[in-house]
Amino acid sequence: MRKKLRVGIVGCGKIANVDHVPGYLRVPDVEVVSLMDIKPAQMKKLNQNHGFNARPYRDLAMFLTSGLDAVSICTPNRFHYEQTLAALKAGLHVLCEKPMAASVREATRMVNAAKTAGKVLQINQSLHYHPTYVKLADLVHQGKIGQPIHVRCLRSGGTTPDIGWSVGAKWFVSKAFQGGVVLDIGVHMAELMQWVAGEITEVAAFVDTRLKHIDVPDNAAVLMRFANGATGTLTLSWTTPVGGGYFEVYGTEGTIRQGFGPEPMEMIRTGGKGGRARTTHPKPGTQRKHSQRSFVDAILGKAPSITPGELGREAVALCAAIQDSSDKGRFVKVKRF
């Protein structure tokens, strides 16, 4: 009988409770044995919420030497880089929350550190595990709407995450903790646009802060150029009175539309009977794998990670280009590695 992987959780807040720990509990090959947080109450609550008794630590060095095989980094953004490097140096595999870092330079150091250590570095770019977006990407990649011409994405909300998502988590809206709508939401949506339609080469962006009590961006409007000639627009906001969103891909032979609510996916293809466009509603596939299963499979050598450090670095590069363009007031190239 194979020994279970011993996993530890760094940061015991919202994302650990709703994603990482439930994900590990669905994997037979794993046991969560150690927790690390500066707030003992958070660790106690996590243990109680999920019915186990993982050992709590307030010191990272002691936590990393508690007999672990792998860790999930679920802390605020500013800690991802240093904590990931520390875990890799300790000989542990790492599943790190997005964004993996605040800069391409830091992300590259993380990727290289994982290679040097011979360990798995996976980034929790969660849309790659969502059946809806897997299906949407597959349809585009299969040529169901021809070649992509334009991608349009809106993601907006009426509140900041510390009010609507994780109540009281002020780090989301703090520059000191690398918060803001670009690194929080843009890291998902810009990367989704690239995953679906191809490499983004250049962006022009306007990034703004409208709320007076925060010091990070809460709005962004972005134009994109793709290597294949397609264009894109990305709109992000934490200040719309009524939140909403959509993701649309326009191709040479049709269009795919998906809302961010319960609406079904819509695919409209040209060349139907009598020359009329034909509308269908493709159903998402079943979830083949979730993030923690992918991480464990990569550790065990069963399959490569679906969202390795290199993919997380692409997402960081896109976010960095968005901010750089806004700062310079012109189109900028996406700087790669």
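Here we summarise the structure given alongside this text.

## Some points on helix H9 (residues 291-299)
Logical step 1: Within H9, nine of the nine residues are buried, which leaves it mostly tucked inside the rest of the structure.
Logical step 2: Where H9 is concerned, the buried positions are Ser291, Gln292, Arg293, Ser294, Phe295, Val296, Asp297, Ala298 and Ile299.
Logical step 3: Structurally, H9 contributes buried residues whose contacts are with strand S1 (5-10), helix H1 (14-25), strand S2 (30-36), strand S4 (70-73), strand S5 (93-96) and strand S6 (121-123).
Logical step 4: One or two positions beyond H9, positive phi appears at Gly301, with a value near 75 degrees.

## So, the pattern of salt bridges
Logical step 1: Throughout the structure, instances matching the rule amount to 14 salt bridges.
Logical step 2: Salt-bridge contacts for Arg336 lead to Glu199; the nearest nitrogen and oxygen are separated by 3.9 Å. Of the two residues, Arg336 sits in the segment after strand S15 (332-333) while Glu199 sits in the loop between helix H8 (181-197) and strand S8 (200-208), which places them 137 residues apart along the sequence.
Logical step 3: Judged by its relative accessible area of 40%, Glu199 is partly exposed.
Logical step 4: Of the charged contacts, one joins Arg293 and Asp297 as a salt bridge, the two residues approaching to 2.9 Å between their closest N and O atoms. Note that Arg293 and Asp297 are positioned in helix H9 at a spacing of four residues, about one turn of the helix.

## Description of the nonpolar core
Logical step 1: Within the largest apolar cluster, 75 residues are counted, with the highest numbers of intra-cluster contacts made by Val71, Met100, Met193, Met224, Leu234 and Phe247.
Logical step 2: Looking at this core, the element that brings in the most residues is H8, giving 12 residues.
Logical step 3: Sequence-distant contacts of Met100, that is, excluding residues within four places in its chain, are made with His80, Tyr81, Ala107, Met110, Val111, Leu121, Ile123, Gly309, Gly312, Arg313 and Val316.

## Some thoughts on the sheet that holds S1
Logical step 1: Taking strand neighbours across the sheet as the criterion, the six strands line up as S3-S2-S1-S4-S5-S6 in an open arrangement whose pairing is parallel. This sheet does not close on itself; its edge strands, each paired only once, are strand S3 (55-57) and S6. Recorded for the sheet is a direction-independent mean angle of 25 degrees between the axes of neighbouring strands.
Logical step 2: Packing against the sheet, helix H2 (residues 40-50) makes contact with S2 and S3, and its axis sits at approximately 160 degrees to S2.
Logical step 3: Packing against the sheet, H9 makes contact with S1, S2, S4, S5 and S6, and its axis sits at approximately 160 degrees to S5.

## Some words on the packing of H1 against H2
Axes are the key here: two packed helices are described by the angle between their axes and the distance separating the axes.
Logical step 1: Relative to each other, H1 and H2 sit at 50 degrees, their axes nearing to 11 Å. Taken together, the axes of H1 and H2 are oblique relative to one another. Crossing of H1 against H2: the hand is right-handed. For the pair formed by H1 and H2, the contact residues are Ala16, Asn17, Val21, Pro22 and Leu25 on the first element and Leu46, Asn49 and His50 on the second.

## Let's talk about the environment of Asp59
Logical step 1: When you line up the elements, Asp59 lands in the loop between S3 and helix H3 (60-64).
Logical step 2: Linking Asp59 and Lys3, residues 56 residues apart in sequence, is a C-alpha distance of 26 Å.
Logical step 3: A polar contact is formed between the side chain of Asp59 and the backbone nitrogen of Ala61, at a distance of 3.2 Å.

## Considerations on the side chain of Ser166
Logical step 1: By the secondary structure assignment, Ser166 is in the loop between helix H7 (161-164) and H8.
Logical step 2: Look at Ser166 and you get buried, because its relative accessible area is 13%.

## Concerning the sheet that holds S15
Neighbouring strands of a sheet are bound in pairs by backbone hydrogen bonds; such pairs are parallel or else antiparallel.
Logical step 1: Taken in spatial order, the nine strands make up an open sheet running S14-S13-S12-S11-S7-S10-S9-S8-S15, and their pairing is mixed. In this open sheet, the two strands that pair with only one neighbour each are strand S14 (278-280) and S15.
Logical step 2: Of the pairings in the sheet, the one linking strand S9 (residues 219-226) to strand S10 (residues 231-237) comprises seven bridges and is antiparallel in character. From the neighbouring strand, Asn219 faces S10, where its bridge partner is Ser237.
Logical step 3: This element, helix H6 (residues 131-141), spans strand S7 (148-156), strand S11 (244-251), strand S12 (254-259) and strand S13 (266-269) of the sheet and lies at about 170 degrees to S12.
Logical step 4: In the packing of H8 onto the sheet, contacts are made with S7, S8, S9, S10 and S11, and the angle to S10 comes to roughly 155 degrees.

Each value, and the rule that gives it
- Sequence order as written defines the numbering, with residues in each chain counted from 1.
- Side-chain atom pairs in this predicted model are given and counted only at pLDDT of 80 or more, local residue features only at pLDDT of at least 70, and totals for whole chains, interfaces and linings cover all residues.
- Remark: hydrogens and water are excluded; side-chain values derive from all non-hydrogen atoms of the structure.
- Each residue is assigned to one of three classes by its accessible area relative to the maximum for its type, calculated with a 1.4 Å probe on protein chains only: buried under 20%, partly exposed between the two thresholds, exposed over 50%.
- Strands are runs of DSSP state E lasting at least two residues, helices are runs of H or I lasting at least four, and both sets are numbered from the N terminus onward.
- Any pair of residues with heavy atoms lying within 4.5 Å of one another is described as a contacting pair.
- Here, a salt bridge means any Lys or Arg side-chain nitrogen found within 4 Å of an Asp or Glu carboxyl oxygen.
- For this analysis, a nonpolar core means a set of buried residues of the types Ala, Val, Leu, Ile, Met, Phe, Trp, Tyr and Cys, connected via side-chain atoms within 4.5 Å.
- What makes two strands pair is DSSP finding at least two bridges between them.
- Here an axis means a line fitted to C-alpha atoms, over the contact stretch when the element is a helix, while the angle between two N-to-C directions is reported on a 0 to 180 degree scale.
- Reported orientations rely on four angle classes, namely roughly parallel under 35 degrees, roughly antiparallel over 145, roughly perpendicular from 65 to 115, and oblique for the rest.
- A crossing counts as left-handed when the near helix is turned anticlockwise from the far one by less than a right angle, and as right-handed when that turn is clockwise.
- For the purposes of these results, a polar contact is taken to be a pair of N or O atoms within 3.5 Å, where, inside protein, one atom must be able to donate a hydrogen and its partner to accept one; residues adjacent in sequence count only when each atom of the pair is a side-chain atom.

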